[in-house]
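Take a look at the letters that make up each chain.
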Amino acid sequence: MTTTTPSPEQSARKLLSIFAEKNIRAGEILMAGHVQMAFQRDTRFRASDYSAGAQYAHERNWLQFSATTVKLLEEGAEEAMRS
């Protein structure tokens with residue numbers, strides 16, 4: 001059995017879905033550890049997928065990352081609604 005590695009876009013969309021599941025609005029934050037744990041609970045994704053997704057989301061102004069928090073930006077909230 002072979003598994004395919006999620007693309008950076010798929011990983012970024014998984015990150016957005018975590019915010020959507022929690023009804024987080026643009027400008028609100030989640031603790032970075034919570035986001036990482038929720039991401040890795042999905043067995044389709046690995047730690048390296050988190051990094052790739054985070055970079056993809058950051059480059060598109062979907063999410064803003066600090067050492068301890070992840071903030072949902074307006075563009076990210078709009079993209080999450082489209083998904």
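Structure's up top.
We now turn to the structure provided with this report. Predicted, not measured: the structure shown is a model, and the values here were computed from it.

### Some details on the nonpolar core
- Counting residues in each nonpolar core, the largest one holds 21 residues, and the members touching the most others are Leu15, Phe19, Val35 and Leu63.
- Counting only elements with at least two residues in this core, the list comes to α1 (8-21), α2 (32-41), α3 (47-59) and β3 (69-72).
- In contact with Val35, not counting residues within four places along its chain, are Leu15, Ile18, Phe19, Leu30, Tyr50 and Val70.

### Notes on the environment of Glu59
- In this structure, Glu59 sits in helix α3.
- According to the relative accessible area criterion, Glu59 is partly exposed, its value standing at 48%.
- Put simply, Glu59 and Glu79 are 20 residues apart on the chain and 14 Å apart in space, counted from C-alpha to C-alpha.

### Remarks on the packing of aromatic side chains
- The final tally for this structure, using the stated rule, is three aromatic pairs.
- Summarising the aromatic geometry, the rings of Phe39 and Tyr50 are spaced 5.4 Å apart at their centres and angled 80° between planes, so their arrangement reads as edge-to-face. With Phe39 in helix α2 and Tyr50 in helix α3, this residue pair connects regions lying 11 residues apart in the sequence. The exposure classification of Phe39 matches that of Tyr50, with both residues buried.
- Members of the aromatic cluster, connected to one another through ring pairs, are Phe39, Phe45 and Tyr50.

### Quick look at unusual backbone geometry
- Positive phi outside glycine occurs at Asn23, with the angle close to 55°.
- Its place among the elements puts Asn23 in the loop between α1 and β1 (29-31).
- Judged by its relative accessible area of 64%, Asn23 falls in the exposed class.
- Look at Asn61: it is not a glycine, yet its phi comes out positive at around 60°.

Rules behind the numbers
Residues numbered from 1 in each chain as written. Predicted model: local features only at pLDDT ≥ 70, side-chain atom pairs only at ≥ 80, totals over all residues. Heavy atoms only, no water. Core = buried A, V, L, I, M, F, W, Y, C linked by side-chain atoms within 4.5 Å. Buried < 20%, exposed > 50% of the residue type's maximum accessible area, 1.4 Å probe, protein only. Helix = DSSP H or I, 4+ residues; strand = E, 2+ residues; numbered from the N terminus. Contact = heavy atoms within 4.5 Å. Phe/Tyr/Trp six-rings, centres within 6.5 Å; stacked < 30°, edge-to-face > 60°.

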